[in-house]
Amino acid sequence: MPTTVDDVLEHGGEFHFFQKQMFFLLALLSATFAPIYVGIVFLGFTPDHRCRSPGVAELSLRCGWSPAEELNYTVPGPGPAGEASPRQCRRYEVDWNQSTFDCVDPLASLDTNRSRLPQGPCRDGWVYETPGSSIVTEFNLVCANSWMLDLFQSSVNVGFFIGSMSIGYIADRFGRKLCLLTTVLINAAAGVLMAISPTYTWMLIFRLIQGLVSKAGWLIGYILITEFVGRRYRRTVGIFYQVAYTVGLLVLAGVAYALPHWRWLQFTVALPNFFFLLYYWCIPESPRWLISQNKNAEAMRIIKHIAKKNGKSLPASLQRLRLEEETGKKLNPSFLDLVRTPQIRKHTMILMYNWFTSSVLYQGLIMHMGLAGDNIYLDFFYSALVEFPAAFMIILTIDRIGRRYPWAASNMVAGAACLASVFIPGDLQWLKIIISCLGRMGITMAYEIVCLVNAELYPTFIRNLGIHICSSMCDIGGIITPFLVYRLTNIWLELPLMVFGVLGLVAGGLVLLLPETKGKALPETIEEAENMQRLFIHSPVFSIHQMLMFLPLQT
């Protein structure tokens with residue numbers, strides 16, 4: 001009788017030496033995704049700056065001014081509340097090379113009221129108050145050019161969107177291993193080329209290319225590790241694969257602190273990707289994919305290799321392999337199937353909104369921290385640490401309490417934390433940090449739970465399509481977030497947090513309208529999905545592997 005890969009792994013080892021070795025290798029891949037996803041915090045750091053005015057440095061040296069005195073005497077003061085500060089984007093239209101200026105209040109000889117002095121834009125560049133460098137300081141992405149920083153981060157999310165939409169087909173058509181190595185090579189090359197880009201345009205192109213392949217490579221690593229283990233371990237391994245990404249965040253904070261110059265930082269985080277090309281000799285092709293391509297003999301050879309590595313032996317009877325799902329009547333899903341019936345339409349709208357919100361809040365909170373934090377390295381490190389308890393809380397709660405209440409609570413905690421941070425006075429910085437960490441932990445939990453629940457709410461024949469469509473809102477949110485954060489902070493520093501708070505609270509409320517999926521069988525038909533509130537059939541927990549629509553396609 002034909003057996004599945006899961007049946008064979010029960011004898012050959014579901015999570016033993018081979019799987020642990022593969023997990024370690026692929027977890028390294030997951031960790032290196034962090035600098036691409038949120039590296040903007042350090043690469044695009046915007047320090048305090050002011051217009052460069054020819055002659056000011058010489059006058060300051062002649063007069064012996066301190067930095068504070070130079071700023072007070074030669075730079076316009078802060079503008080009205082809610083407007084961009086003239087101190088950063090405007091300068092006095094004064095010829096500072098004149099020798100008639102006095103060292104004490106030099107502008108008094110021109111007009112006793114400085115507000116009447118003519119001002120103009122920065123024509124000779126800017127002076128940045130930082131010992132290092134970033135793409136902002138090198139390419140002057142401030143004031144009228146500040147939108148170019150938004151575009152830089154949005155470009156990588158555009159790449160994520162295109163790459164993740166196509167990777168399902170590519171990985172199923174050409175195999176996991178070939179796709180992994182190809183994306184690794186392109187990602188490594190684009191990362192190094194970005195570090196030596198001579199212009200902003202070239203840097204933007206290489207960042208877009210990184211976006212096209214980096215998330216796709218991360219997802220392929222996710223696919224591989226969840227296909228190598230037995231069904232009982234898929235969800236846990238999937239969560240800890242994402243924990244490895246969190247480790248990457250911690251390492252990124254340390255590397256960025258040690259290398260405050262953006263080119264060296266970019267080169268350092270890109271170079272290790274070449275190491276993953278060695279995986280050609282370390283990681284085999286997925287036996288599940290091989291079976292989907294009718295390459296059963298090759299699949300069996302790899303499974304025997306897995307069993308040998310695990311110190312197990314396979315019964316002689318387990319020689320015929322088949323896919324986990326028997327071939328039946330094939331249906332052609334369409335987008336209309338996601339909105340045609342009332343319950344599935346409700347699920348689709350709520351899931352799309354939650355994917356969007358999770359992305360906006362997660363990336364937005366990290367970007368805002370880079371603008372509002374006193375020490376971006378420590379703030380980034382502390383906020384990354386809270387992702388560890390978030391992962392463990394998911395593991396502890398989703399099979400005991402269920403999915404819906406922890407998911408709703410995590411969204412609401414994230415939203416409430418954002419709103420609370422707005423009203424905490426600046427002298428209570430310790431409280432602000434604690435509340436911010438709670439918000440980060442909440443949205444991390446929400447982000448990971450939506451991945452799991454998305455697959456559990458759709459019937460089989462539209463499950464992959466439903467996850468494709470809904471999760472695409474994650475990258476749409478990532479495209480919008482930089483403009484949302486950087487433009488709104490120009491109006492009021494805390495305004496993005498107000499927006500995030502409302503988005504999070506609404507997301508939490510909408511989650512309560514979804515059915516609980518704990519202990520329920522996966523719906524097979526539209527009718528079962530429509531009646532999920534009434535159906536309660538005890539079944540094994542659904543594999544988080546199917547979360548991202550990457551089961552091998554039937555041929």
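Since this is a predicted model, take the numbers as computed values, not measurements.

### Concerning the overall build of the protein chain
Next, step 1: The helix and strand inventory of the protein chain stands at 23 helices and four strands.
Next, step 2: The burial tally for the protein chain puts 55% of its 555 residues in the buried class.
Next, step 3: Counting contacts in the protein chain only where the partners sit at least 6 residues apart, residues at least 24 apart contribute 81% of the total.
Next, step 4: Of the accessible surface of the protein chain, which amounts to about 23,800 Å², a share of 65% is contributed by carbon and sulfur atoms.

### Concerning the side chain of Arg 235
Next, step 1: Assignment of secondary structure puts Arg 235 in helix 12 (residues 234-258).
Next, step 2: Among the polar contacts listed, one links the side chain of Arg 235 to the side chain of Asp 399, at a separation of 2.4 Å.

### Observations regarding the packing of helix 10 (residues 176-195) against helix 11 (residues 200-228)
Next, step 1: Between helix 10 and helix 11, whose axes approach to 8 Å, the crossing angle comes to 150°. Of the possible angle classes, the one that applies to helix 10 and helix 11 is roughly antiparallel. Regarding helix 10 and helix 11, the two cross each other, and that crossing is left-handed.
Next, step 2: Looking at the contact of helix 10 with helix 11 residue by residue, the class counts come to 14 nonpolar, seven polar and three charged.

### Some points on the state of the cysteines
Next, step 1: Under the criterion given, the structure shown has three disulfides.
Next, step 2: One disulfide bridge connects Cys 89 with Cys 143, the sulfur atoms lying 2.0 Å from each other. Taking the sign of the S-S torsion, about -95° here, the bridge from Cys 89 to Cys 143 comes out left-handed. A residue pair is termed long-range when its members are at least 10 positions apart, and Cys 89 in helix 7 (residues 86-89) and Cys 143 in the loop between helix 8 (135-139) and helix 9 (147-174) qualify at 54 residues.
Next, step 3: Counting only the cysteines that form disulfides, in the order they appear in the protein chain, gives the pairing 1-5, 2-4, 3-6.

### Describing the environment of Lys 518
Next, step 1: Here Lys 518 shows up in the loop between helix 22 (495-511) and helix 23 (526-530).
Next, step 2: With a relative accessible area of 28%, Lys 518 lands in the partly exposed category.
Next, step 3: Between the C-alpha atom of Lys 518 and that of Arg 403, which follows or precedes it by 115 residues, the distance is 6.4 Å.

### Examining the packing of helix 18 (residues 387-397) against helix 20 (residues 429-456)
Next, step 1: Viewed as axis vectors pointing N to C, helix 18 and helix 20 meet at an angle of 45°, and their least axial separation amounts to 9 Å. Comparing their axes, helix 20 and helix 18 come out oblique. Handedness of the crossing formed by helix 18 with helix 20: right-handed. Contacts between helix 18 and helix 20 pair Glu 387, Pro 389, Ala 390, Ala 391, Met 393 and Ile 394 from the former with Arg 440, Met 441, Thr 444, Met 445, Glu 448 and Ile 449 from the latter.
Next, step 2: Each residue belonging to the contact of helix 18 with helix 20 can be placed in one class, and the counts come to eight nonpolar, one polar and three charged.

### Digging into the packing of aromatic side chains
For any pair of aromatic rings, the description consists of the separation of the ring centres together with the inter-plane angle of the planes.
Next, step 1: Applying the stated criterion across every chain yields a total of 29 aromatic pairs.
Next, step 2: Taking the centre distance of 5.8 Å and the plane angle of 40° together, the rings of Tyr 37 and Phe 160 count as tilted. Here Tyr 37, found in helix 3 (residues 34-38), pairs with Phe 160, found in helix 9; they are 123 residues apart in sequence, far enough to count as distant. In this pair, the class of Tyr 37 matches that of Phe 160, namely buried.
Next, step 3: Both rings, one in Phe 139 and one in Tyr 200, keep their centres 6.5 Å apart while their planes meet at 70°; by these two values the pair is edge-to-face. Here the residue Phe 139 occupies a position in helix 8, and Tyr 200 occupies one in helix 11, the gap between them amounting to 61 residues.
Next, step 4: By relative accessible area, which is 10% here, Tyr 200 ends up buried.
Next, step 5: One aromatic cluster in this structure is built from Phe 33, Tyr 37, Phe 160, Trp 218, Tyr 222, Tyr 241, Tyr 245, Trp 355, Tyr 362 and Tyr 447.

### Focus: the pattern of salt bridges
Next, step 1: Scanning the model with the defined rule gives 16 salt bridges in all.
Next, step 2: Between Glu 129 and Arg 50 there is a salt bridge whose closest N-O contact spans 2.4 Å. You can see Glu 129 sitting in the loop between strand 4 (126-128) and helix 8 and its partner Arg 50 sitting in strand 1 (residues 49-51), a full 79 residues away along the chain.
Next, step 3: Of the residues examined, Glu 129 reaches a relative accessible area of 49% and is grouped as partly exposed.
Next, step 4: Here the salt bridges do not stand alone but share partners, grouping Arg 235, Asp 399, Arg 403 and Glu 456 into one network.

### Things to note about the confidence of the model for the protein chain
Next, step 1: In the predicted model, the protein chain carries a mean pLDDT of 85, and the fraction of residues at 70 or more is 89%.
Next, step 2: Averaged pLDDT values for the elements of the protein chain fall to 75 in helix 7 and rise to 97 in helix 13 (residues 262-270).
Next, step 3: A low-confidence stretch, residues 325-330 (pLDDT under 50), is modelled with eight contacts involving residues beyond four sequence positions or located in other chains.
Next, step 4: Across residues 535-555, where pLDDT falls below 50, the model places 80 contacts with residues more than four positions away in sequence or in other chains.

### With respect to helix 6 (residues 67-74)
Next, step 1: Three or more residues of helix 6 are buried, namely Glu 70, Tyr 73 and Thr 74. Down the axis of helix 6, the sector holding all buried residues measures 75°, keeping them to one side.

### Some points on the side chain of Thr 341
Next, step 1: Secondary-structure assignment places Thr 341 in the loop between helix 15 (296-309) and helix 16 (342-372).
Next, step 2: Residues contacting Thr 341, with those up to four places away along its chain left out, are Ile 526 and Glu 530.

### Here we look at the environment of Asn 273
Next, step 1: The residue Asn 273 is located in the loop between helix 13 and helix 14 (287-292) in this model.
Next, step 2: Between the C-alpha atoms of Asn 273 and Thr 183, which are 90 residues apart in sequence, the distance is 9.9 Å.
Next, step 3: With sequence-adjacent residues up to four places away left out, Asn 273 is seen in contact with Thr 32, Val 184, Asn 187 and Ala 188.
Next, step 4: A polar contact of 3.5 Å, which involves the side chain of Asn 273, links it to the backbone oxygen of Val 269.

### Structural notes on the nonpolar core
Next, step 1: By size, the foremost hydrophobic cluster in this structure holds 131 residues, and its most contacted members are Ile 135, Tyr 245, Tyr 362, Phe 380 and Trp 407.
Next, step 2: With 13 residues, helix 16 is the single largest residue contributor to this core.
Next, step 3: Two domains share this core, each providing at least three of its residues, namely domain 1 (1-47 + 130-324) and domain 2 (334-534).
Next, step 4: What Phe 380 contacts, discounting residues up to four positions off in sequence, is Val 38, Val 41, Phe 42, Leu 249, Leu 252, Ala 253, Ile 366 and Met 369.
Next, step 5: Counting 11 residues, the second-largest nonpolar core is a separate cluster that includes Cys 63, Tyr 92, Val 94 and Trp 96.

### Some thoughts on the environment of Val 5
Next, step 1: One can find Val 5 in helix 1 (residues 5-12).
Next, step 2: Val 5 gets classed as buried once you look at its relative accessible area, which sits at 1%.
Next, step 3: Each C-alpha atom of the pair Val 5 and Phe 228 lies 9.2 Å from the other, and the pair is 223 residues apart in sequence.

What counts and what doesn't
Residues numbered from 1 in each chain as written. Predicted model: local features only at pLDDT ≥ 70, side-chain atom pairs only at ≥ 80, totals over all residues. Heavy atoms only, no water. Helix = DSSP H or I, 4+ residues; strand = E, 2+ residues; numbered from the N terminus. Buried < 20%, exposed > 50% of the residue type's maximum accessible area, 1.4 Å probe, protein only. Contact = heavy atoms within 4.5 Å. Areas by Shrake-Rupley, 256 points an atom, 1.4 Å probe, with all protein chains shown as cover. Polar contact = N/O pair within 3.5 Å; in protein donor to acceptor, adjacent residues only side chain to side chain. Axes fitted to C-alpha atoms, helices over the stretch in contact; angles between N-to-C directions. Parallel < 35°, antiparallel > 145°, perpendicular 65-115°, else oblique. Left-handed = near helix turned anticlockwise from the far one by under 90°. Nonpolar A, V, L, I, M, F, W, Y, C, P; charged D, E, K, R; others polar. Disulfide = S-S within 2.5 Å. Phe/Tyr/Trp six-rings, centres within 6.5 Å; stacked < 30°, edge-to-face > 60°. Salt bridge = Lys/Arg side-chain N within 4 Å of Asp/Glu carboxyl O. pLDDT = per-residue confidence, 0-100. Arc of directions from axis to C-beta. Core = buried A, V, L, I, M, F, W, Y, C linked by side-chain atoms within 4.5 Å. Domains from an automatic or database assignment.

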